[in-house]
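# Chains, contacts and geometry: an overview
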Amino acid sequence: MEKAREIVNKALSLKRPLLEPEAKALINSIGITTPSFDIANDSEEAVEIAKSIGYPVVLKVISPDIIHKTDVGGIILGAKNEKQVRRDYSKIIENIKRKIPEAKIEGVLIERLATPSLEVIIGGLRDSQFGPTIMLGLGGIFTEILKDLSFRLTPVTKGETFGMMEELKGCPLLNGYRGSKPLDKESLSDAMVSISNLMTEVEEIKEIDLNPVFLYPKGLTAVDARVILG
């Protein structure tokens, strides 16, 4: 947890929330994978990063003043070549300057576009009465409409994480449904235990949200990560 504490303490010293690259570096430090990414400060740097990590890529604005990037045109998916990366970089900067001119732009995240799969949500919340808790849910309509979620107080054991999976209405999708391959519940369990331990040991983390996490027949990747300190 030493690296995680270092990342959290740096943000606290600057009196700002964790930026997305920091949130992803934090979860990388506890063994949860994310798509390859780096930070660009101009369009040429964005092109070099895209070449390095491989196409297609996603571009996302990095700013402590912007929570919902999609609402302000701060994220563009699927650039497949140098021309599109330059275009998307310029478009994002233009969108932010037009819609939130006061926002401080720390750069643009260039990230390898992850292969879609079943979407899972892993969350942590520090409740004032019960203490740290962990949440598991299936993404998309399972969360939005069915509220298909399971909760536990931390720390959780691997056995408890599998119990949380079994509680989900969408659990058959994890086991393989109508000819689809079973998904990697072992990797999902490991990620849940890691988030549980993080919430238990790093008291400065108030909330963490990995949404979506793409779960594959082998492994997983957290496409987006948000961490709130308090």
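Residues numbered from 1 in each chain as written. Predicted model: local features only at pLDDT ≥ 70, side-chain atom pairs only at ≥ 80, totals over all residues. Heavy atoms only, no water.

## Here's the deal with the pattern of salt bridges
- This structure, assessed with the given rule, holds 21 salt bridges.
- Glu 20 is the partner of Lys 60 in a salt bridge, and the nearest nitrogen-oxygen pair spans 2.8 Å. Of this pair, Lys 60 sits in strand β2 (residues 57-62) while Glu 20 sits in helix α2 (residues 20-29), and the two are 40 residues apart along the sequence. Each member of the pair, Lys 60 as well as Glu 20, is classed as buried.
- One connected set of salt bridges, linked through shared partners, spans Glu 20, Lys 24, Lys 60, Lys 69 and Glu 111. (Salt bridge = Lys/Arg side-chain N within 4 Å of Asp/Glu carboxyl O. Helix = DSSP H or I, 4+ residues; strand = E, 2+ residues; numbered from the N terminus. Buried < 20%, exposed > 50% of the residue type's maximum accessible area, 1.4 Å probe, protein only.)

## What to know about the layout of surface pockets
- Its boundaries defined by the atoms lining it, the largest pocket holds a volume of some 900 Å³.
- For the largest pocket, the lining is made up of 34 residues, of which Glu 20, Ile 67, Lys 69, Asp 224 and Arg 226 are closest to its centre.
- Put simply, the parts of the chain that give the lining of the largest pocket at least two residues each are α2, β2, β3 (75-79), β4 (107-112), β8 (205-215) and β10 (225-229).
- Here the element with the most residues in the lining of the largest pocket is β10; it accounts for 5 residues.
- Classifying every residue of the lining of the largest pocket by side-chain character gives 22 nonpolar, 4 polar and 8 charged.
- Estimated volume of the second largest pocket: approximately 280 Å³.
- Looking at the second largest pocket, it is lined by 19 residues, and the ones nearest its centre are Ile 121, Met 135, Thr 143, Asp 209 and Asn 211. (1 Å grid on protein atoms, 1.4 Å probe; cavity = no way out; pocket = protein on both sides within 12 Å on 5 of 7 lines; lining within 4 Å. Points joined across faces, edges and corners; volume = space filled by probe spheres on them. Nonpolar A, V, L, I, M, F, W, Y, C, P; charged D, E, K, R; others polar.)

## A closer look at the nonpolar core
- Core analysis: the largest hydrophobic core is formed by 39 residues, its most contacted members being Ile 122 and Ile 195.
- Setting aside residues up to four positions removed in sequence, Ile 122 forms contacts with Ile 134, Met 135, Leu 136, Leu 188, Ala 191, Met 192, Ile 195, Ile 208, Asp 209, Leu 210 and Val 213.
- The next biggest cluster of nonpolar side chains, apart from the first, holds 22 residues, and it includes Val 47, Val 57, Ile 76 and Ala 79. (Core = buried A, V, L, I, M, F, W, Y, C linked by side-chain atoms within 4.5 Å. Contact = heavy atoms within 4.5 Å.)

## Considering helix α3 (residues 43-53)
- Buried residues of α3: Ala 46, Val 47, Ile 49, Ala 50 and Ile 53, and no others. The arc enclosing the buried residues of α3, seen along the axis, measures out at 165°, which places them on a common side.
- Here the buried face of α3 lies against β1 (37-40), β2, α4 (82-99) and β4.
- For α3, the side-chain oxygen to backbone nitrogen distance between the N-cap and Glu 44 is 3.1 Å, and the N-cap itself is Asp 42. (Arc of directions from axis to C-beta. Polar contact = N/O pair within 3.5 Å; in protein donor to acceptor, adjacent residues only side chain to side chain.)

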